[in-house]
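# A look at the structure
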Amino acid sequence: MPDGKETTLILMQPGQSGVVVEIQGRRGMTHRLGALGIIPGKRITKVSSMFMRGPVTVLVDRAQVAIGYGMASRILIKLI
Amino acid sequence: MGNPNVGKSVLFHRLTGVRVIASNYPGTTVGYTSGFMKLEGERVEVIDVPGTYTLEPTSQVEEIALKMLETGDVVINVVDATNLERNLYLTLQLLERDIPVIVALNMWDDTRHKGIHVDLDGLKKLLKVPVIPTVAVTGEGIKNLVEHIPQACSPAMPARTSNRRWSTIGKITGQIQVITHRHHTWRECLADASVKPLTGSLLALVILACSFFVVRFIGEGLIGYLLDPLFENLWAPVLLKLSSLLGGGGFLHSIVIGSVSGGEINFVESFGLLSSGLYVPLAMVLPYIIAFYLVLGLLEDTGYLPRLAILMDSAMHRMGLHGYAIIPTLLGLGCNVPAVLATRILESKREQFIAATLISIAIPCSALQAMIFGLVGGFGLQYVVIVYGTLFVVWVVLGIILNHSVKGFSPELLIEIPPYRLPQWRTVLQKLWLRVRGFLGEALPMFLGAILAINVLYTLGAFDAIASFTAPVITGILGLPKEAVTSLVIGFLRKDVAMGMLAPLSLTASQMVVGSVVLAMFFPCIATFVVLLRQLGVLNMLKATGIMIASALIVGGILNLIL
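A few points on the structure. These figures come from a predicted structure and were not determined experimentally.

## Focus on the sheet that holds strand β3 (residues 75–80) of chain B
Residues and elements named next belong to chain B. The three strands are arranged β3-β4-β6 in an open sheet whose pairing can be described as parallel. Because the sheet does not close on itself, it has two edges, and the strands there are β3 and β6 (131–133). On average, each strand axis in the sheet is inclined to that of its neighbour by 25 degrees, with strand direction left out of account. In this structure, β3 lies alongside strand β4 (residues 101–106), joined through six bridges in parallel fashion. Counterpart to I76 in the pairing with β4 is I102.

## Examining the packing of helix α16 (residues 366–375) of chain B against helix α21 (residues 495–502) of chain B
Residues and elements named next belong to chain B. The N-to-C vectors of α16 and α21 enclose an angle of 20 degrees; their axes lie 8 Å apart at closest approach. Relative to α21, the element α16 lies roughly parallel. Crossing of α16 over α21 shows right-handed handedness. Here A367, L368, A370, M371, I372 and L375 of α16 come into contact with α21, specifically with K495, D496, M499, G500 and L502. Residue classes in the contact of α16 with α21 are distributed as eight nonpolar, one polar and two charged.

## Describing the environment of M50 of chain A
Summarising the element assignment, M50 of chain A is placed in the loop between β3 (43–49) and β4 (56–60). When the C-alpha positions of M50 of chain A and A66 of chain A are compared, they lie 10.0 Å apart, and in sequence the two are 16 residues distant. In this structure, M50 of chain A is in contact with P55 of chain A together with P197, I310, L311, D313 and S314 of chain B, ignoring residues within four places of it in sequence.

## Structural notes on unusual backbone geometry
Residues and elements named next belong to chain B. In this structure, M107 takes a positive phi of about 60 degrees despite not being glycine. Mapping M107 onto the fold places it in the loop between β4 and α4 (108–113). Classification of M107 by C-beta neighbours within 10 Å gives buried; the count is 23. A positive phi angle, near 45 degrees, is found at A156, a position not held by glycine.

## Details of the interface of chain A and chain B
A common way to express how large an interface is: the accessible area buried when the components associate. The interface is formed by 27 residues belonging to chain A together with 27 residues belonging to chain B. Among the residues forming the side of chain A that touches chain B, the class breakdown is 14 nonpolar, nine polar and four charged. Pairing geometry for strand β5 (residues 63–67) of chain A and strand β8 (residues 414–417) of chain B, over four bridges, is antiparallel. Bridged to I67 of chain A within β8 of chain B is L414 of chain B.

## Observations concerning helix α3 (residues 84–95) of chain B
When the terminal C-alpha atoms of α3 of chain B are compared, their 15 Å separation across 12 residues agrees well with the 16 Å that a helix rising 1.5 Å per residue should span. Taken across its 12 residues, α3 of chain B has 10 buried, putting it largely inside the fold. Taken together, the buried positions of α3 of chain B are L84, R86, N87, L88, Y89, L90, T91, Q93, L94 and L95 of chain B. Taken together, the buried residues of α3 of chain B touch β5 of chain A together with β3, β4, α5 (120–127), α7 (162–176) and β7 (177–179) of chain B.

Analysis parameters
- Residues numbered from 1 in each chain as written.
- Chains lettered and ligands numbered in written order.
- Predicted model: local features only at pLDDT ≥ 70, side-chain atom pairs only at ≥ 80, totals over all residues.
- Pairing = 2+ DSSP bridges.
- Helix = DSSP H or I, 4+ residues; strand = E, 2+ residues; numbered from the N terminus.
- Axes fitted to C-alpha atoms, helices over the stretch in contact; angles between N-to-C directions.
- Parallel < 35°, antiparallel > 145°, perpendicular 65-115°, else oblique.
- Left-handed = near helix turned anticlockwise from the far one by under 90°.
- Contact = placed C-beta atoms within 7 Å.
- Nonpolar A, V, L, I, M, F, W, Y, C, P; charged D, E, K, R; others polar.
- Buried ≥ 20, exposed ≤ 12 C-beta atoms within 10 Å, placed from the backbone.
- Expected span 1.5 Å × (residues − 1).

In structure tokens, the structure reads:
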């Protein structure tokens, strides 16, 4: 990968794509995210983030998913 | 069964003819509905199950789905054909169980627009169960699906770990799915704009303002140009004739027609079964119910509501909720009963408690709102604004208080956002009819019953006894005449009748404001009370009730002091 920088979903810029590297959370959280297809190895694209620590919207496969700020900050992404 | 928002309820309607509320957001169905269909000459029961992503439930709604699975003989697994990557996870879990499965590949028409090509035969071979493409909204493929139900089978796949399932899905989609790239459609551009901070906020303001004006426009239009003339010109003469037939007075007269003064009937104040009993629900409340549910239906079916949830998320966190709680809250502006049921889409008991309590205190249902507009609005729009402003402040402040005082923490927002769809008039109108029929079927008898009860209690003098007993609170704290207590008591049956009872008391504008705010907050109507009790349990219900009464008295008292 050319610029395989690691970052979180929060720091990622809208429009950027990356691969999920790690989800730093308890089982409950990884489970909820996993149910929506957000698992390590999955390629996602950030659509937007809302102000005042609002949710981050990402594109996973062909579905948009909104992820709460705290959760999004614990999802590590490798940019591509 | 299937993931949320894949069209299970629409398919269910196609199979059974039973009408259920279907919308374009995950979590529309929070309970189960059953209906019957003919299958090879036999009557079989079909159950519409709430959506779930996996068989390991993460919310109360998903628990219901899992429970239903255990009662079924055959599973129709509804799958969103445009998102196999995620939908097949549940499918694989189902195939690992010992239950026959048939897959309905729904939204099949969308695959073409989205440039997705799915190899049906290949998918059938890999899953080892029948796979039928369907378009539930138009009915395409439904017959084919029904014909194949007897062929549903269980391949009894070996149980996998979740990682193995995901990699299996990757292999399957790699083999049978080809995606061609294409450009953004205008709907997708709009979709992106509505979750971006600046454009999203602007859009929300415009949409909410438009909704409000459309509701008022339709509601007032129906009242002013259709229902009022109808009652005044056609119904009033009939009633006056009946009044003289009944001798112009007496017990029966007061129940059937109510009070008639100077040869004229005041439809709001007379309180007879055929006068107020018909006029208030049909000519004051119904128009707003129609208007509100029409607009809500449009908002639901476009798929806008989850986007509003994203916008509201950080604000709602301060109230111990996440953004998705805005959906039950909006439903509450129609009727608190489905709103309380809809709190099941929230993950934790804590959120459910906060959301349900806030809804039953600070969210007036459309019947009550119609009466607030009708009665308080007579004094000037500024008083209506005070009522709404007060309830909004109560909603926010109480939410913050509850967030700090209820133990536990609230999980974060995590939702799938459906694509924007153009609402189909047929489905929007069907849904509207379903809700209006619900109002007519449940509210109208209740309404007439309440009026009957009021008349009987008046004659027995029961209200006088209560009135003098509660006078210190009603007049002392709230500054209302002691007769207003009858309205609060009746508020337990129906709040619109209760508002109507304030009308003959010749209250001042500020008393009217206090009366309507207290009535809105004080206690839920009996229908809401029953679902609250079931949803929260006795102990939490007692807590919620305490909060309701205390906050109603405090806020009513404060309003009385400052107005």
